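Each chain, written out:
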Amino acid sequence: MYDALQRDLTPDPGNRPLQFNLAWLERWSGHFDAAAKLADKAFSMMDPKQDPEGWSELLVIKSVCVYSLGELSKADAILGESLEILGPGAHGRAGIEPLTVLANMCAYYHDYEKAQSKLQEAMAIADRLGLVHERSHILQTLSRTELRCGTVEAAVDAAKACLADALEQRNAVNLPYAYEVLGAALVEAGALEEARSCATKGLAAAQFSQDQRVACHLYYVLGLSLFEEKRFDEARAELENGLLNAVGADYHHWMRNFYLKLSQTHEALEEHRGALDYLKAYVTLQKKMFTEETERQSNDFRNRLEFRLAHSKADYERELRTRTETLNAELQEANTSLRELNARIEFNALHDALTGIGNRRMMMKFFETTRTGMAPGVKIAAVLIDLDRFKSVNDHYGHSVGDQVIKAIAGRLSDLLHEDETIVRMGGDEFLILSTRRIGADSLSTLAEEIVHEINLPISIEGSEDRTVGASVGVAVQPNGPDLEYELLRNADEAMYQAKKTGRNRSCLHSSLDVSLPQGANAS
């Protein structure tokens, strides 16, 4: 078609121009900028009186393009014009597309009842006229709507019907979308293997139709289903493929979704640096999208008010002030929510999800702050704690009991610390305390013995008998310097293993410390 357009092969008078068909194809391929330009060109070459159905379809294409840019009220107005142009024809085949797009917009606004009503109108027309291709698109929109409002079973049923129609009619445009909506619904229903099968077939169909946007949805279904099964390496690979598609299509909504899910996947794999990088990318894009959306809404609102003010300036000046104040209040509330979201993200990045104490990233931040903010030679103490007999708790009583033990130990250790001391969970059953206050051998020996004593106390387990574990504790002190982190943790680790070698359930201070040990403590 583009070749014909370049050769200036125009249709006979009265027929639709090539730009009409190209706009339709570009819209379905997700190339909304190109579709909008082609639609504008087609408008200049068509007469709404001679071809109201074609004019209405162009308006639908235009509304979808405007909707994709976030100009929702403008898209709604264009759809209204599309149905108005059709007149009585809105109850025929030409009315199906604007009704379906309008339903999709209602679902976006969370007006699910109205969305379902519009889809029922569209389906009644399709059934009455026997329009199978249109049925497939209506069912696709219905499945998305049902999934958004939480009726998963209905979403699965609609998606299966959509796929059956698309396969029967060999509808290459709708087929990848049918697989996508079914895969998404199956993930929510817990049928993860079946969801992956749908997504794989959908990707093959999307490759045939060269539709990068639906490919993003399908890769997300694959990644999400693998993530739910805790197959995190495989999930990461599929999500990264999806991110590449989203970047290639400049699809910001799905870029944001992939950043967030990849952050969670890296976190599950304990690849904390990668998780933090994806979180930062997510927050950056979220801020950008929030700013753009705010500007679009503000411009949209301002344009509508200016139009009204031309008719009745005095009345609408008051409305302008009121609505502007409301918008400013909403923006302030949104900014507050965004700051709270960023604070939660920052907190989650530095704290262990199970216990709420610090994680390895907090430890890295402590050492970075110490190196740059404290004078060379200032001493820092490390107390490394490894639980004894914890593996047997997990093996005999299960991980849920093990998690309760870990949380109880974290609480007890936190209660022993001063406000300016740091505690982190190194992973599994290993904890680390860092202090710039208690650096003397006597105070550290006392702290180590308190730790052993507290950990040995029985731990209450919900729905089960009390459990007990022990602890091997290693203590080291190191002056601030270039190799602070490495030397301090190595010495603490050596002391902790010395405690294990000498019988476990005891504390041991590294030989670099000049100590007079209390009863029960040892020096390595």
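This brings us to helix H17 (residues 360–373). Between its first and last C-alpha, H17 extends 20 Å over 14 residues, near the 20 Å set by a 1.5 Å rise per residue. Considered for burial, the residues of H17 that qualify are Arg361, Met362, Met363, Phe366, Phe367 and Thr370. For H17, the N-terminal cap is asparagine 359; the gap from its side-chain oxygen to the backbone nitrogen of arginine 361 is 3.1 Å.

What follows concerns the packing of helix H6 (residues 96–108) against helix H7 (residues 112–129). Between H6 and H7, the shortest axis-to-axis distance is 8 Å and the interhelical angle comes to 160°. Our classification of the angle between H6 and H7 gives roughly antiparallel. In this structure, the crossing between H6 and H7 has a hand that is left-handed. Taken together, the residues of H7 that come into contact with H6 (itself represented by Ile96, Leu99, Thr100, Leu102, Ala103, Cys106 and Ala107) are Tyr112, Lys114, Ala115, Lys118, Leu119, Glu121, Ala122, Ile125 and Ala126. Looking at side-chain class alone, the contact of H6 with H7 contains 12 nonpolar, one polar and three charged residues.

Attention now goes to unusual backbone geometry. In the Ramachandran plot, glutamate 270 falls in the positive-phi region, its phi being about 60° despite a non-glycine side chain. With a relative accessible area of 58%, glutamate 270 lands in the exposed category. Phi at arginine 389 takes a positive value of approximately 65°, unusual for a residue other than glycine. Structurally, arginine 389 is set in the loop between strand S1 (379–388) and helix H18 (390–397). Taking the relative accessible area as the measure of exposure, arginine 389 reaches 45% and is therefore partly exposed.

Thresholds, definitions, all that
- Residues numbered from 1 in each chain as written.
- Predicted model: local features only at pLDDT ≥ 70, side-chain atom pairs only at ≥ 80, totals over all residues.
- Heavy atoms only, no water.
- Helix = DSSP H or I, 4+ residues; strand = E, 2+ residues; numbered from the N terminus.
- Expected span 1.5 Å × (residues − 1).
- Buried < 20%, exposed > 50% of the residue type's maximum accessible area, 1.4 Å probe, protein only.
- Polar contact = N/O pair within 3.5 Å; in protein donor to acceptor, adjacent residues only side chain to side chain.
- Axes fitted to C-alpha atoms, helices over the stretch in contact; angles between N-to-C directions.
- Parallel < 35°, antiparallel > 145°, perpendicular 65-115°, else oblique.
- Left-handed = near helix turned anticlockwise from the far one by under 90°.
- Contact = heavy atoms within 4.5 Å.
- Nonpolar A, V, L, I, M, F, W, Y, C, P; charged D, E, K, R; others polar.

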